[in-house]
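Analysis of the macromolecular model
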Amino acid sequence: SPWFANHLAAELRLCEAARKPMYFLGVGAQDRAGLANPELRAVAERAQAIWTRDVASAAALAGAGGAGRVRAAADLAHVFFEVHPPPAACAGRLTAVLNFDYAGWPAMGAALASLERLPARERIWLAQEDRALPGAERELFRGLPERDRLRWNLRAADDSDPDLARALDRWPSGEWLLTSRYHAALAGAWAGSRAVVIATNDKLRGVADELGYPALSPAADPAGLDTLLRSATPPMRSILRARAAAARRACGEFFDAVGI
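Examining the overall build of the chain
What the chain contains, in helices and strands, is twelve helices and nine strands. For the chain, the C-alpha radius of gyration of 19 Å lies close to 18 Å, the compact-globule estimate for 260 residues. On the principal axes, the C-alpha backbone points of the chain span a range of 60 × 35 × 35 Å. The buried share of the chain, reckoned over its 260 residues, is 46%.

Laid out in structure tokens, this is it:
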């Protein structure tokens, strides 16, 4: 939906009326096609500076009118994860964090069948989205056949606790991770999980590429998903620390730009 484009257009009008510059820190582009929206192009053209959360977003925003003002940085979550990493990947645990934004995953049944070939002692169906929205984790879980619901343990990410550090302490890091959530992929990388990213958009393809995880199109045949997960490797710590350093540099440059 265009709600966020409308929000940014309103912010731009407010800044222009108040004669205030616009800056963006740690932002990303969900897909290149969306940047054809004239309101988003106007925001990119008039921003003083944009620090993105990944290289793919920097390239997309530079091509959408932000050339010369876009800096490729890193997601700010890396700064938090470096100080407060999620629990280490638990051997024998399979964690799924799946969301399809008001849609479904026609291949989900075949994917779950493939996952049965993993020697998982525990299967966690993690709900990052607490609301019951179509295509989000809770609704997908409710739509599973009863035999599958009995195989998986539904768990909430925050467990009604608003404190981020305490929620992350309970994050069920698995030896294997299947996700279509951007920040779940980052958490899996810092936990040391073997992960496959279901790339429903350019944003998720970009984070998979950045982390070195295989990306699976939702339209692809998932019959070999278990093999992909077995062969996936988490990124080296040096890579993750470099991403955290890039995010911290972006924060410093932003603070300098706005005079803080």
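Here's the deal with the sheet that holds strand S5 (residues 122-127)
Read from one edge to the other, the open sheet built from six strands follows the order S6-S5-S4-S7-S8-S9, with strand pairing classed as parallel. Edge positions in the sheet fall to strand S6 (153-156) and strand S9 (215-216), since each of these pairs with one other strand and no more. Pairing between strand S8 (residues 194-198) and S9: two bridges, direction parallel. Bridging across to S9, Val197 finds its partner in Ala215. Contacting strand S4 (90-97), strand S7 (174-179) and S8, helix H9 (residues 182-191) crosses the sheet at an angle of about 160° to S7.

Overview of the nonpolar core
Counting 25 residues, the largest nonpolar core has Phe81, Trp171, Leu186, Val207 and Leu211 as the members making the most contacts within it. At the level of elements, helix H4 (77-83), S5, H9, S8 and helix H10 (202-211) are the ones that each hand at least two residues to this core. Those residues within four positions of Phe81 in sequence are excluded, and the remaining contacts are Pro86, Leu168, His183, Leu186, Ala187 and Trp190. Within the second largest apolar cluster, 24 residues are counted, among which are Leu98, Met108, Ala111 and Trp176.

Side note on the environment of Gln48
Its place among the elements puts Gln48 in the loop between helix H2 (38-46) and strand S2 (49-52). For the pair Gln48 and His183, spaced 135 residues apart in sequence, the C-alpha to C-alpha distance is 27 Å. Setting aside anything within four residues of it in sequence, one finds Gln48 in contact with Pro21, Met22, Tyr23 and Arg69.

What about helix H12 (residues 237-258)?
The end-to-end C-alpha separation of H12 is 32 Å, in line with the 32 Å expected for 22 residues at 1.5 Å each. Residues Leu240, Arg243, Ala244, Ala246, Ala247, Ala250, Cys251 and Phe254 constitute the buried set of H12. Considered in projection along H12, the buried side chains sweep an arc of 155° and stay on one side of the axis. In H12, the exposed positions that point more than 90 degrees away from the buried face belong to Arg249 and Asp256. Looking at the buried side of H12, the elements it contacts are strand S1 (23-27), S2, H4, H9 and H10. Trailing H12 by a residue or two, Gly259 shows a phi angle of about 80°, which is positive.

The rules behind each value
- Residues numbered from 1 in each chain as written.
- Predicted model: local features only at pLDDT ≥ 70, side-chain atom pairs only at ≥ 80, totals over all residues.
- Heavy atoms only, no water.
- Helix = DSSP H or I, 4+ residues; strand = E, 2+ residues; numbered from the N terminus.
- Rg over C-alpha atoms; globule rule 2.2 N^0.38 Å.
- Buried < 20%, exposed > 50% of the residue type's maximum accessible area, 1.4 Å probe, protein only.
- Pairing = 2+ DSSP bridges.
- Contact = heavy atoms within 4.5 Å.
- Axes fitted to C-alpha atoms, helices over the stretch in contact; angles between N-to-C directions.
- Core = buried A, V, L, I, M, F, W, Y, C linked by side-chain atoms within 4.5 Å.
- Expected span 1.5 Å × (residues − 1).
- Arc of directions from axis to C-beta.

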